[in-house]
Amino acid sequence: MIRQLDKVFVLDTKNTTYCFQVLETGHLEHLYYGKKIRIEEASDVRAIEEKHAFPPGNGNVYDSQFPKFALEDIRLEMSAYGKGDIREPFIEVIHRDGSYTSDFLYEKAEMYDDKKSLDTLPSAYEEAGKVSELIISLKDKQYDLTLELHYSVFEDRDVIVRSSKFINTSKGAVKLTRLMSMQLDFATSGYVFTTFNGNWAREMYRHDTLVSVGKHVNSSYAGTSSNRANPFVMLSRPETTEDQGICYGFNLIYSGNHYEAAEVNAYGKTRIVTGINPQSFCFVLAEGESFESPEAVMTVSNEGFNGMSRNMHDFVRNCIVRGAWKKKARPVLLNSWEACYFNINEARLLKLAKAGKEAGVELFVMDDGWFGTRNDDKQALGDWYVNKKKLPGGVKSICDKVNALGLDFGIWVEPEMINVNSDLYRAHPEWVMEIPGKPHSEGRNQRILDFANPAVVDYMIEQMVNVFSSANISYVKWDMNRIFSDYYSKHLKALHQGEVAHRYMIGLYRLMRTVTERFPHILFEGCASGGNRFDLGILCYFPQIWASDDTDAIYRAKGQTGYSYGYPMSTLTAHVSNCPNHQTLRETPLATRFNVAAFGLCGYECNLAEMKKEEVEEIKAQIALYKEWRDVLQYGTFYRGRSDNIYEWTCVSQDKSKAVGLVLQKLVEPNTTYEQFTPKGLDENKKYRFYNIEKKRNVKTFGDLVNAIAPIHIKNDSILHNGIDKVVKMPGEVEDYTAYGDVLMSGVKLKSAFCGTGYDENTRFFKDFESRLYFMEEIL
Ligand code: DGJ
């Protein structure tokens with residue numbers, strides 16, 4: 001609910017309050033954002049507003065008419081550069097006279113019982129709960145420019161979405177060099193700024209920085225939201241834990257260059273701003289033109305990181321993801337990439353698809369290599385017609401044959417890219433992002449199409465429509481495999497080159513919107529060398545994203561934990577692959593590869609046609625189990641436990657009648673037999689059966705320890721050893737208990753782990769990289 005109480009604005013959600021007021025200067029002073037507080041009349045905020053009597057020493061007085069105010073020491077809803085606030089500004093404009101100083105003051109407020117969408121960018125929406133919008137208009141005192149601050153209050157989600165719109169209401173053109181989406185000023189310092197950083201194959205490592213002085217910046221200038229620094233960030237207190245303490249979460253509905261800065265000023269106040277990265281950003285706006293910033297999502301919870309994540313997950317699932325697949329069970333797929341790489345042809349693919357069908361997969365995906373002369377990554381991007389040598393009957397023939405096996409068919413594309421060695425480049429060199437006459441830096445041997453040019457976007461819409469209507473395509477993997485360099489659009493004049501990165505995004509979103517609307521039944525999956533563009537902008541069009549090219553289960557445990565802070569598991573795809581792992585060469589148990597992937601949208605990416613029979617049998621059982629539990633795993637509420645040497649996750653169905661838990665161990669700590677699993681989110685008053693599925697162990701996994709029990713000596717790896725291994729199986733531990741939710745949540749004590757003193761059916765075989773799934777079902 002949004003209320004205006006005289007000069008005070010109060011934005012309430014179910015459990016939170018956001019509040020600011022108009023100062024006598026006309027600036028907007030931030031008052032509060034946190035758990036819900038009771039503000040009934042304007043005077044109720046007198047206790048929490050800062051008292052301004054004299055400006056602090058060495059601070060600039062804003063204006064002689066208002067001698068008490070120094071903007072540097074005031075908590076502001078937005079800040080412009082030039083009138084004494086020397087912190088990170090919200091907006092920067094270069095005026096016609098060359099000045100950089102702006103001073104935006106309150107003009108009016110409008111309130112609506114719904115929320116408008118942005119005109120040029122994807123935006124959040126609500127179809128099941130209540131949303132209202134407040135628009136504050138500010139006017140620049142000297143230069144007659146307009147700035148709107150938009151606040152959308154998603155009451156049932158405990159989320160507020162902010163954005164801004166700059167309108168050039170002055171006479172003549174100005175240059176907009178920075179426009180943030182959100183600014184939030186806190187009265188104190190010592191917040192922990194958490195960011196999620198990495199690179200290819202190691203996305204989303206959590207980093208905590210205590211910001212007690214100075215500034216910490218999380219940003220991308222990669223052209224994508226990037227794997228270097230995801231736009232999702234958190235602010236918390238040092239004492240905040242997974243389940244207790246205050247935690248703020250912020251994200252941006254944007255897929256390009258972004259910027260999040262947490263700064264502590266000389267008075268111990270913290271400011272956080274989020275928005276488009278101002279680096280090399282310069283929009284020239286003629287009289288009457290406007291520019292809108294992407295939407296920034298904010299939430300706060302007093303129930304720790306998990307509480308904040310629950311708000312974000314609920315919001316992303318309901319207010320970002322849209323379309324036919326929003327709430328549908330996502331299929332178990334088999335992707336051809338790690339099995340075949342570029343070496344595909346119809347026979348190979350069909351053999352793989354058949355093996356997939358036998359194992360229980362539902363969708364077969366033909367990855368890279370099917371078009372033009374695409375025999376390696378040096379050629380053919382841009383040439384979206386089938387390679388007849390590999391697929392003589394075209395996409396339709398392979399698709400029909402896959403369909404005939406009883407599988408859906410999916411295809412890979414990379415529409416934003418071009419190789420110099422392609423027919424498209426030869427025909428349209430002017431469509432490529434390159435600086436004329438200058439050498440270009442390439443990434444993965446490819447260049448970027450100039451989506452700042454609408455004609456290029458129109459062409460690519462046509463190409464993609466052709467591909468997607470050429471066969472019975474049910475799924476599309478939309479890849480993007482390089483970061484930007486040499487930002488330049490041959491379509492724009494020199495003065496406008498600072499607009500290229502953002503105009504590219506507008507073009508990309510038009511392409512994505514057009515094809516997803518045209519093919520509503522297709523399940524689209526975003527991908528950018530894995531997680532180089534995992535963000536809410538993409539999720540507004542594609543309901544799921546390939547989280548990382550790294551399928552190593554031990555990396556995945558860390559990476560998926562990172563993603564889980566800001567993104568629900570229903571957006572994150574995870575594949576079981578072969579070992580040694582193709583990215584790390586690590587060997588992990590097949591069970592662990594599945595157990596970790598099962599907490600995302602589980603798929604397979606391995607040569608099922610050539611795997612050992614025993615492994616294929618295990619995979620068959622995994623897929624059957626996943627199908628049985630996928631409603632919980634894909635759409636349940638996710639909770640993190642420990643994330644150190646041991647990872648603990650729980651996913652609980654919406655009605656709390658079922659849950660799945662994971663315990664994963666990175667490295668064995670010798671002689672520690674004791675371990676517990678602490679599920680979260682169960683109903684305290686429901687009684688559950690808690691159990692695991694017994695897994696028998698091969699004798700050979702114990703090596704020559706077999707001699708500790710064998711009546712005769714068995715040589716390691718001998719014919720006898722191998723023979724015994726085939727027939728004798730060692731028991732696995734069984735956990736099977738019934739208890740109320742509150743009992744289980746106090747910590748289920750697991751069977752003793754092996755520690756070198758003996759092994760029987762009551763011993764937990766828990767080597768390096770072992771893991772277990774635990775199932776909880778309500779007893780009625
Ligand atoms: C990068 C993706 O992340 C991979 O999964 C695969 O699709 C390759 N591109 C294909 O070139």
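Residues numbered from 1 in each chain as written. Predicted model: local features only at pLDDT ≥ 70, side-chain atom pairs only at ≥ 80, totals over all residues. Heavy atoms only, no water.

Visitor: How would you sum up the overall build of the protein? Please name residues and give values.
Guide: Across its full length, the protein carries 13 helices and 40 strands. Against the globule reference of 28 Å for 780 residues, the protein gives a C-alpha radius of gyration of 28 Å, in line with a compact fold. Taken along its principal axes, the extent of the C-alpha atoms in the protein is 100 × 65 × 45 Å. Across the 780 residues in the protein, those meeting the buried criterion constitute 63%. Look at the contacts in the protein between residues 6 or more apart in sequence, and 71% of them connect residues 24 or more apart. Of the roughly 28700 Å² of accessible surface on the protein, 51% is carried by carbon and sulfur atoms. Each charge class in the protein was averaged separately, 93 positive and 105 negative side chains, and the resulting centres sit 3 Å apart. (Helix = DSSP H or I, 4+ residues; strand = E, 2+ residues; numbered from the N terminus. Rg over C-alpha atoms; globule rule 2.2 N^0.38 Å. Buried < 20%, exposed > 50% of the residue type's maximum accessible area, 1.4 Å probe, protein only. Contact = heavy atoms within 4.5 Å. Areas by Shrake-Rupley, 256 points an atom, 1.4 Å probe, with all protein chains shown as cover. Lys, Arg positive; Asp, Glu negative; His and termini not counted. Charge placed at Lys NZ, Arg CZ, Asp CG, Glu CD.)

Visitor: An account of the packing of helix α3 (residues 346-359) against helix α4 (residues 394-404) is requested, with residue identities and associated values reported.
Guide: Two numbers describe how α3 lies on α4: the axes approach to 10 Å, and their chain directions differ by 20°. Overall, the two elements α3 and α4 adopt an arrangement that is roughly parallel. Read as a crossing pair, α3 and α4 show a hand that is right-handed. For the pair formed by α3 and α4, the contact residues are E346, L349, L350 and A353 on the first element and S397, I398, K401 and V402 on the second. A per-class count over the contact of α3 with α4 returns five nonpolar, one polar and two charged. (Axes fitted to C-alpha atoms, helices over the stretch in contact; angles between N-to-C directions. Parallel < 35°, antiparallel > 145°, perpendicular 65-115°, else oblique. Left-handed = near helix turned anticlockwise from the far one by under 90°. Nonpolar A, V, L, I, M, F, W, Y, C, P; charged D, E, K, R; others polar.)

Visitor: How would you explain the sheet that holds strand β33 (residues 658-665) if you had to name every residue and give the values?
Guide: Within a sheet, neighbouring strands are paired by backbone hydrogen bonds and run either parallel or antiparallel to one another. In spatial order, the strands read β31-β32-β33-β40-β35-β38; together these six strands make up an open sheet with antiparallel pairing. The sheet terminates laterally at β31 (637-643) and β38 (736-740), the two strands that pair on one side only. When the angles between neighbouring strand axes are averaged without regard to direction, this sheet yields 20°. Sheet analysis places β33 next to strand β40 (residues 771-778), joined by seven bridges and oriented antiparallel. If you follow L664 over to β40, its bridge partner there is S771. (Pairing = 2+ DSSP bridges.)

Visitor: If you had to explain the sheet that holds strand β3 (residues 16-22) to someone new, which residues and values would you point to?
Guide: A sheet is described by the order of its strands in space; here four strands give the open sequence β1-β2-β3-β4, paired in antiparallel fashion. Edge strands, defined here as strands with exactly one partner in the open sheet, are β1 (2-5) and β4 (28-35). Ignoring which end each strand starts from, the neighbouring axes of this sheet average 15° apart.

Visitor: Outline helix α10 (residues 590-597), supporting the account with residue identities and numerical values.
Guide: Of all eight residues making up α10, eight are buried, and the element is well covered by its neighbours. For α10, the complete set of buried residues consists of L590, A591, T592, R593, F594, N595, V596 and A597.

Visitor: So what's going on with the site of the ligand? Which residues, and what values?
Guide: Around the ligand, 13 residues are found, and the nearest of them are D367, D368, K477, D479 and D549. Here an oxygen atom of the ligand and a side-chain polar atom of W546 are 3.5 Å apart. Isolated, the ligand exposes 290 Å² of accessible area, and the fraction of that covered by the protein chains is 98%. For the shell around the ligand, the class distribution of residues is four nonpolar, three polar and six charged. (Near = heavy atom within 4 Å. Polar contact = N/O pair within 3.5 Å; in protein donor to acceptor, adjacent residues only side chain to side chain.)

Visitor: Summarise the pattern of salt bridges; cite the residues concerned and give the values.
Guide: Opposite charge on two side chains lets them pair, provided their charged atoms get close. Following the criterion strictly, the structure yields 53 salt bridges and no others. Between E92 and R178 there is a salt bridge; the shortest N-O distance is 3.8 Å. Highlighted residues: E92 in strand β5 (residues 91-94) and R178 in strand β10 (residues 174-186), separated in sequence by 86 residues. The buried category is assigned to R178, whose relative accessible area is 7%. The partner of R444 in a salt bridge is D368, and the shortest N-O contact between them spans 4.0 Å. (Salt bridge = Lys/Arg side-chain N within 4 Å of Asp/Glu carboxyl O.)

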